[in-house]
Amino acid sequence: MAVLSDLWLRLRAVFRRRTVEREIDDELRFHLERQADAYVRAGMSRADAERRARLDFGAIEGVKEDYRDALGVRWLDDLRRDVRYAFRTLRRAPAFAATAVISIALGVGANTLVFSVVNAVVMKPLPVSDPDQLVFVQPIGQIVAHSYPSYRDMRDANVTFDGLAGYRITMMEADAGGGPTHEWGYLVTGNYFDLLGVTPAAGRFFHQDEDTRPGGDAYAVLSYDFWRARFGADPSIVGSTIRLNRLPYKILGVAPAGFYGAEIFYRPDIYVPMSMQAEIEVGNPWLENRNTANVWVVGRLKRGTPPQQGEANLTAISRQLGKAFATTADGAYIKLTRPGLVGDAIGAPAQAFAVGLLALAGLVLLTACANLASTLAARGRDRRHELAVRLSIGAGRGRIVRQLLTESVVLAGVGGTVGAVGATLAARALSRWQLPIALPVQFDLHPDARVFLFAFLVSLAAGVIFGVGPARQAAVTDPNRALKTRDDVRGRRWPLREILVSVQLALCVVLVAACLISIRGLQRTLTMPFGMQPAQVTMATFDLGLAGYSRESGQDLRERALERVRTLPGVTDAAYANSLPLNIDQSRSIVYPDDQLDLPPARVPRAVRYQTSPAYFATLGIRLLKGRDFDARDTAASARVGIVNRAFARQILRTEDAIGRHFQFGRTSTPIEVVGVVETGKYQSLTESETPAVFLPMRQSYNTTTVLLVRSPRPSEEIATELRGAMKDLDPSMPIFGVRSVESMLGFVLLPMRVAAIALGAFGVLAAMLAMTGIHGLVAYAVASRRREIAIRLAIGASRGSVVRLIVRRVATLVLVGAAAGMLLVGLLGGLLDSVVYQRPENDYGTLGMVAIAVVLIGLAACWRPVRRILRLQPARALHAE
């Protein structure tokens, strides 16, 4: 075996000598070419110039090249040679090239994918005409919607907009000939499509004069996707009829491909005029109610009009409306924001999340670049003998820097290309991903030219910035010193490659900490008090209005449904309501305390409002703190009663004991007596502060929308099947949808936290892999470059443990320095983590301790293989090979 090993070492030395000879020959060819060009420019013929150049270099023969100096683009020819030389050099070092390419691919890929999200959420304009002029109109200090009468008054009275359009997300039953299905759509004002400036794919759109007769403008526009899925993109369906909520609507046209309205996340199927609101939202006519703010508004500023002027104009109109009608839906200050994410409601947190995520992805890229720079520095150290030979035969230091820098850029370019391709595939997969929620939420993350330009610039910057240092370090090699010995002679106390490893480790600490903090934050979110206990509760939703039930017959069906589901095996409680906390369908109403009926409109509080049945709180696990639940005595003929949460009692009634107090939903409406107080929960989002909520008995406050709730320890899938069967027995024609567990309903609310945990988890894993690679490379390089020294130490009696400590001690110092710097960065970047991680624990020393343990494990894992080489090293064989 020893003979074979020696033979292999000798053969490898021969091949290396041939490689160096070829490289030297390439170098000589280059300088001969440049010298011959100089003589040609001085007036010599090409043949004489080539002969004179050979004589200058010692009468070298047999070097022939195709000279290219046409059109003054000599630098292109030089660049071609440098790139070709870089690829040839990297091909001879496949392990080094693969490590560098993978490092850059991971960093660039992560950043490109995150930038695709930022581009889609923050930067990409809506696919409409002149999107820069569009703004979302929202009141300050209230919900982001307006009442329809307020919208109409602002539309007609403003002087700074070319138009204002209103819209509202809604659901409807649609029958295109294959049976009824539930579809999501938009109620939009007649000028909606004209304002956005889009062209129909087929037929036409309705206009403002076709949205004026409540209940009389039965027109429909289909989305492009719905048209293709249901009608096979048949243009002849224009002018035909589709039944919505069992009423006929004339199909006027089809929206263009890729157009989904003024919100980028929502995928509607059907657009219906706002005048048809009562027919679409059966049993809940609110169109002319100034106290009901249900309409989102988008506007197009007149060309040249600054947003501040538009805000002032609409605010003045809103203040006038507030004085004229004395309603809280009017009188608010108006703010103009970027359209696409319901103004600041989703836009502000989404933008902060996306930008914070991009910043953390940038740390992954820095880790990858530090890995590349460290690898290039070590490789440059190994190539100092080769560079010394080049310098000694006349190569310029500038050319060496350029060649090494070209090699760095080539590596970054290849790695960036791989990363961009991976990010593109991932973005397309995410664009096709359907969220497990009822609302058709989807983002178009397909990369565009802006994303690919970002990937190119990031790759180029990585190659140049982090390649110039190692290139310069290699270029300042002293030829005389380098040619005398191949041993690794230590220079500075802290070489660049070691500093870069500490930087990698510091960034790794930040990202691993962010990963663990996000996981802890998600854990806290899942266990935080929602104000209810959603586990073991199954829900089924249906609408009595769509099924044609009157108030009396609908209430009777609900009671029969409760009796039926309570007989199912394992059911402990059952109830119904119009909606649930944290569900998509939420309503807020103005509330006047019994002793403050003279409050000005701007100061009248609002509360989240629900209509429920008896046993609702027991079924959902909401604690009743004081008073009683609804029961059989609370009928339409009895005195009106309500149950409020603790926040309602404290903030609106300003008391801890609200039992017996009264409130009302308007100055002239019927007073409602508080008969119970429940704990405060989360109603519209997990990030909301304590929000007042009021619960009314369904028998006194009728609503056609019905959410049937069943609590049972049995699997939710079994209960869901039995729920469908029970409702089918009661009414086979009743359309049932949304049959699922309440926990699954919370998926949309928990989505941002889960996305943050997944993304930061991926960043943490990538950073750990890169840091491990960097530490492994450092230790492996130290062992390889000091192989002769280690062999001598072992030969003269040093123990292997002492040699291992000699190598690992310095690495341990780097690990400690990097970990300390990383912990400091975690403290400094707390605000950045807050924008990405909800429920971030404060002073979570347990998490920081876990990060410290993770860093130690990363260091140990990275050192294991190089240390094993030391333990297996045979001094005699190593010295013989040297």
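About the thresholds
- Residues numbered from 1 in each chain as written.
- Predicted model: local features only at pLDDT ≥ 70, side-chain atom pairs only at ≥ 80, totals over all residues.
- Heavy atoms only, no water.
- Axes fitted to C-alpha atoms, helices over the stretch in contact; angles between N-to-C directions.
- Helix = DSSP H or I, 4+ residues; strand = E, 2+ residues; numbered from the N terminus.
- Parallel < 35°, antiparallel > 145°, perpendicular 65-115°, else oblique.
- Left-handed = near helix turned anticlockwise from the far one by under 90°.
- Contact = heavy atoms within 4.5 Å.
- Buried < 20%, exposed > 50% of the residue type's maximum accessible area, 1.4 Å probe, protein only.
- Pairing = 2+ DSSP bridges.
- Phe/Tyr/Trp six-rings, centres within 6.5 Å; stacked < 30°, edge-to-face > 60°.
- pLDDT = per-residue confidence, 0-100.
- Patch = residues over 30% accessible without salt bridge, like charges linked within 9 Å, V, L, I, M, F, W, Y side chains within 5 Å.
- Areas by Shrake-Rupley, 256 points an atom, 1.4 Å probe, with all protein chains shown as cover.
- Salt bridge = Lys/Arg side-chain N within 4 Å of Asp/Glu carboxyl O.
- Expected span 1.5 Å × (residues − 1).
- Arc of directions from axis to C-beta.
- Core = buried A, V, L, I, M, F, W, Y, C linked by side-chain atoms within 4.5 Å.

Participant: What am I meant to see in the packing of helix α16 (residues 551–566) against helix α19 (residues 716–730) here?
Facilitator: Packed helix pairs are specified by the crossing angle of their axes together with the interaxial distance, meaning the distance between the axes. Running from N to C, α16 and α19 point in directions that differ by 135 degrees, and their axes come no closer than 10 Å. Relative to α19, the element α16 lies oblique. Where α16 crosses over α19, the handedness of that crossing is right-handed. Contacts from L557, R560, A561, R564 and V565 in α16 reach L723, A726, M727, D729 and L730 in α19.

Participant: Please explain the pairing of strand β8 (residues 270–273) as it appears in this structure.
Facilitator: Residues in a regular strand project their side chains so that they alternate between the two faces of the sheet. Neither face of β8 is left uncovered, since the one carrying I270 and V272 and the one carrying Y271 and P273 both have all their residues buried. Sheet topology note: the strand β3 (residues 180–188)/β8 ladder contains 4 bridges and is parallel. Its bridge partner being in β8, Y186 is matched across the sheet by Y271.

Participant: Before we go on, may I ask you to explain the packing of aromatic side chains in this structure?
Facilitator: Note on aromatic pairs: each is described by the distance of the centres and the angle between the planes. Under the criterion given, the structure shown has 25 aromatic pairs. Summarising the aromatic geometry, the rings of Y167 and W296 are spaced 5.8 Å apart at their centres and angled 75 degrees between planes, so their arrangement reads as edge-to-face. Note that Y167 is positioned in strand β2 (residues 161–175) and W296 in strand β9 (residues 296–301), a separation of 129 residues in sequence. You can call Y167 buried: its relative accessible area is 0%. The exposure class assigned to W296 is buried, which follows from its relative accessible area of 17%. Between Y186 and Y192 the ring centres are 6.3 Å apart and the planes differ by 50 degrees, which places this aromatic pair in the tilted class. Note on Y186: relative accessible area 0%, which makes it buried.

Participant: Looking at this structure, I do not really get the confidence of the model for the protein chain. What am I missing?
Facilitator: Close inspection of predicted coordinates is inappropriate in any region flagged by low pLDDT. The predicted model of the protein chain has a mean per-residue pLDDT of 78, with 79% of residues at 70 or higher. Predicted confidence in the protein chain is weakest over helix α14 (residues 479–484), with a mean pLDDT of 56, and strongest over β8, with 95. Contacts from residues 59–73, a stretch scored under 50 in pLDDT, to residues over four places away or in other chains number 24 contacts. Below pLDDT 50 for its whole length, residues 487–492 participates in 15 contacts with residues either more than four positions away or in separate chains.

Participant: Before we go on, may I ask you to explain a nonpolar patch on the surface in this structure?
Facilitator: On the surface, a nonpolar cluster with roughly 550 Å² of combined accessible area is contributed by L453, F456, L457, L460, V464 and I465. Tracing the backbone through its elements, the reader meets L453 in helix α13 (residues 449–475). Assessed through its relative accessible area of 49%, L453 is described here as partly exposed.

Participant: What is the right way to look at the pairing of strand β19 (residues 672–678) in this model?
Facilitator: Counting buried residues along β19, 6 of its 7 residues qualify, which places the element largely inside the surrounding structure. Pairing analysis gives 3 bridges linking strand β16 (residues 624–627) to β19, with the strands arranged antiparallel. The residue bridging L624 from the neighbouring strand is V678, located in β19. Two strands pair when backbone bridges link them, and strand β17 (residues 641–645) and β19 are joined in this way by 5 bridges, in the parallel orientation.

Participant: Looking at this model, I keep getting lost on α19. Mind explaining?
Facilitator: Residues lying three or four places apart along an α-helix face the same way, a consequence of the helix completing one turn every 3.6 residues. Under the 1.5 Å per step criterion, the end-to-end length of α19 is 21 Å for 15 residues, consistent within 8% with the ideal 21 Å. Taken together, the buried positions of α19 are S716, I719, A720, L723, A726 and M727. Angularly, the buried residues of α19 cover 125 degrees about the axis, an arc narrow enough to put them on a single face. What points out from α19, more than 90 degrees from its buried face, is the exposed set E717, T721, K728 and D729. Turning to α19, the residues buried within the fold contact β11 (537–543), α16, β21 (705–711) and β22 (737–741).

Participant: Hey, could you run me through the nonpolar core in this one?
Facilitator: Across soluble globular proteins, nonpolar side chains have a tendency to be buried as a group. Judged by nonpolar contacts, the single largest core of 45 residues is most densely connected at L357, C508, L511, F763, I775, V851 and V855. For this core, the secondary structure elements donating two or more residues are α4 (94–123), α10 (347–382), α15 (496–527), α21 (747–785), α23 (800–828) and α25 (845–872). Looking at which element gives the most residues to this core, the answer is α15, with 11 residues. What V855 contacts, discounting residues up to four positions off in sequence, is L505, V509, V815 and A819.

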